[in-house]
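# A look at the structure
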Amino acid sequence: MLRVQLSPRRVKFVDVQPDNGINNGGYYCKVYEDENGHLECDSFTIDKRAFPPTMTDAERRNRAIKLANERVKQMYK
């Protein structure tokens, strides 16, 4: 689970998973208040168009984690 530090005292946790729905090839992200994933507070998708078709699975995953980190920081300014 991705840990996103928002401030010295605020943290969110993000579960980044490949999307199997309409956005197949993208990622579905659930945001949690706790690192155990019990208190879900938000969710969002990362569009499949954010990933060039030439990327490997590992590159796609790393890019998804980076994008999720940036997105959560923007959401919880």
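Residues numbered from 1 in each chain as written. Predicted model: local features only at pLDDT ≥ 70, side-chain atom pairs only at ≥ 80, totals over all residues. Heavy atoms only, no water.

## Quick word on the nonpolar core
Formed by 14 residues in total, the largest nonpolar core has its most connected members in Val 14, Val 16, Cys 29, Phe 44, Ile 46, Ala 68 and Val 72. Elements with a contribution of two residues or more to this core: β1 (2-5), β2 (11-18), β3 (27-32), β4 (40-46) and α1 (57-75). Dropping the residues within four chain positions of it, Val 14 is found in contact with Met 1, Leu 2, Val 4, Cys 29, Lys 30, Val 31, Ala 68 and Val 72. (Core = buried A, V, L, I, M, F, W, Y, C linked by side-chain atoms within 4.5 Å. Buried < 20%, exposed > 50% of the residue type's maximum accessible area, 1.4 Å probe, protein only. Helix = DSSP H or I, 4+ residues; strand = E, 2+ residues; numbered from the N terminus. Contact = heavy atoms within 4.5 Å.)

## Remarks on α1
Given a rise of 1.5 Å per residue, 19 residues ought to cover 27 Å, and the 26 Å separating the end C-alpha atoms of α1 matches this to within 8%. Every buried residue of α1 is listed here: Arg 60, Ala 64, Ala 68 and Val 72. Buried residues in α1, looked at end-on, bunch into an arc of 95°, giving them a common side. Among the exposed residues of α1, those oriented more than 90 degrees off its buried face are Asn 62, Lys 66 and Gln 74. Buried residues along α1 sit in contact with β1, β2, β3 and β4. (Expected span 1.5 Å × (residues − 1). Arc of directions from axis to C-beta.)

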